[in-house]
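Observations on chain architecture
The lines below spell out each chain.
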Amino acid sequence: MGVVTIMDLVTTIVILGAVIGGANGDAIVSGSVFCDRCKDGQLSLFDFPLTGIKVSIACPGQDGQLMVISEETTNWIGNYIMRFNGAPDMSGCRAQVSGDGQGCRAVAGPAQSLNLVFQMFDTEIYTVDHLISQSAQPMPNCPQSYSPLPKPVTPTLPPPTLVPQPPELPPLPQLPPMPPVPFLEASACPYRTWLMPEHECYWRVLTPDLKVALVFGPIAGQKYGNDITLRGSMLGRGDPYKTLLRESTTALLNSYNSIQFPYHPLDVVQRLNSALIGGSTRQVLMTALRFLWANSGNPGNVTCKFTTCK
């Protein structure tokens, strides 16, 4: 569990149980839709979320053929959420952009499977990898992919002429080891680890004194105030909204620190805003719990790769 204490999880689960109460059970599916302007099938800085795009969920019927069971439209930040009563097994279902991928003026991208990330109190939460709609042609600014150069042919050379060897140089002093590159390896660190003074050097992209309103946007600023900093946002406890902000900030830092973190930075910002806009304490807790799960190294039992800063 790392430095995330059992009490943190128990507190969150108890609050979650109180909110869910005597619900009969639901399956919740959420995800985002982006315009893939580079047509590379990946989320990049050039891509943007699509508003008003229809997303359909299709599940296998009795004959094994996929059948659309629900359809939803993305909100203003490209997110969609669907709810199914009775918590049905949706492991074989797929999500896809419906129609012609309007908003990107091209066809929709490939369908994506549903990933079960949480199951408790007869409630199941599924997430979907980013759905995309691709432009007809990639934008001109996109990075070019190069084909590998042909292997050069080595000409046959005459035998080398022996020449006197220079005297052997004394050994060079040992260079200090290269600093760790956490961006390339899987790493997930809980909020307590980020707050430790000996780990301050890992605040590379975001600094502790940045304002929450600047990083997460005006909706977060309206909810939490314009003066709270990222460091201050990680001190909140005992309240669902404070827990959401703490785990969102931690997830955002982890997403910048490791390319293998489950959430993209833009995805973290969107999910926080989506929870705040929804106005539901249950949705706030669900989003906070998902971030807490990822910040604790799940799935895959990922550890925190921090070392003491020098």
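Description of the structure in this document. Since we're looking at a predicted model, the values are computed, not measured.

With that settled, the discussion passes to the nonpolar core. Counting residues in hydrophobic clusters, the biggest one holds 32 residues, and the most contacted among them are Trp194, Phe216 and Leu244. When contributions to this core are tallied by element, the ones reaching two or more residues are α2 (191-195), α3 (212-216), α4 (218-224), α6 (240-257), α7 (265-278) and α8 (281-295). For this core, the element with the most residues is α6, which contributes six residues. Discounting residues that sit within four places of it in the chain, Phe216 has contacts with Leu230, Leu245, Ser248, Thr249, Leu252, Val268, Val269, Leu272 and Asn273. One finds Ala27, Ile53, Cys59 and Val97 within the second-largest nonpolar core, a separate group that totals 20 residues.

Our focus in this paragraph is α8. End to end, α8 covers 21 Å across 15 residues, agreeing with the expected 21 Å (1.5 Å per residue, within 8%). The N-terminus of α8 is capped by Ser280, whose side-chain oxygen sits 3.3 Å from the backbone nitrogen of Arg282. In the segment just after α8, Gly297 is the residue with positive phi, at about 95 degrees.

If you check α6, its first and last C-alpha atoms are 26 Å apart, about what 18 residues at 1.5 Å a residue would give, namely 26 Å. Most of α6 is tucked away: 16 of the 18 residues are buried. The residue sitting at the N-terminus of α6 and contributing the capping side-chain oxygen is Asp239; that oxygen lies 2.9 Å from the backbone nitrogen of Tyr241.

Right, let's talk about the pattern of salt bridges for a bit. A full pass over the atoms with the stated rule returns three salt bridges. Of the charged contacts, one joins Arg231 and Glu200 as a salt bridge, the two residues approaching to 3.7 Å between their closest N and O atoms. Within this pair, whereas Arg231 is found in helix α5 (residues 230-233), its partner Glu200 is found in the loop between α2 and α3, the two being separated by 31 residues in sequence. The class for Glu200 is partly exposed, based on a relative accessible area of 42%.

Another point: the state of the cysteines. Tallying each qualifying case throughout the model produces three disulfides. At a sulfur-sulfur separation of 1.8 Å, the disulfide partner of Cys59 is Cys93. Every disulfide takes its handedness from the sign of the S-S torsion; for Cys59 and Cys93 that torsion is 110 degrees, giving right-handed. A residue pair is termed long-range when its members are at least 10 positions apart, and Cys59 in strand β3 (residues 54-60) and Cys93 in the loop between β5 (79-85) and β6 (94-97) qualify at 34 residues. Taken as a pair, Cys59 and Cys93 share a single burial class, namely buried. One disulfide in the model links Cys201 with Cys309; its S-S distance is 1.9 Å. Of note, the bridge from Cys201 to Cys309 carries an S-S torsion of about -75 degrees and is left-handed in sense. Remark: Cys309 occurs in the segment after α8 and Cys201 occurs in the loop between α2 and α3; sequence separation between them is 108 residues.

Here is what the cut-offs are and how they apply
- Residues numbered from 1 in each chain as written.
- Predicted model: local features only at pLDDT ≥ 70, side-chain atom pairs only at ≥ 80, totals over all residues.
- Heavy atoms only, no water.
- Core = buried A, V, L, I, M, F, W, Y, C linked by side-chain atoms within 4.5 Å.
- Buried < 20%, exposed > 50% of the residue type's maximum accessible area, 1.4 Å probe, protein only.
- Helix = DSSP H or I, 4+ residues; strand = E, 2+ residues; numbered from the N terminus.
- Contact = heavy atoms within 4.5 Å.
- Expected span 1.5 Å × (residues − 1).
- Polar contact = N/O pair within 3.5 Å; in protein donor to acceptor, adjacent residues only side chain to side chain.
- Salt bridge = Lys/Arg side-chain N within 4 Å of Asp/Glu carboxyl O.
- Disulfide = S-S within 2.5 Å.

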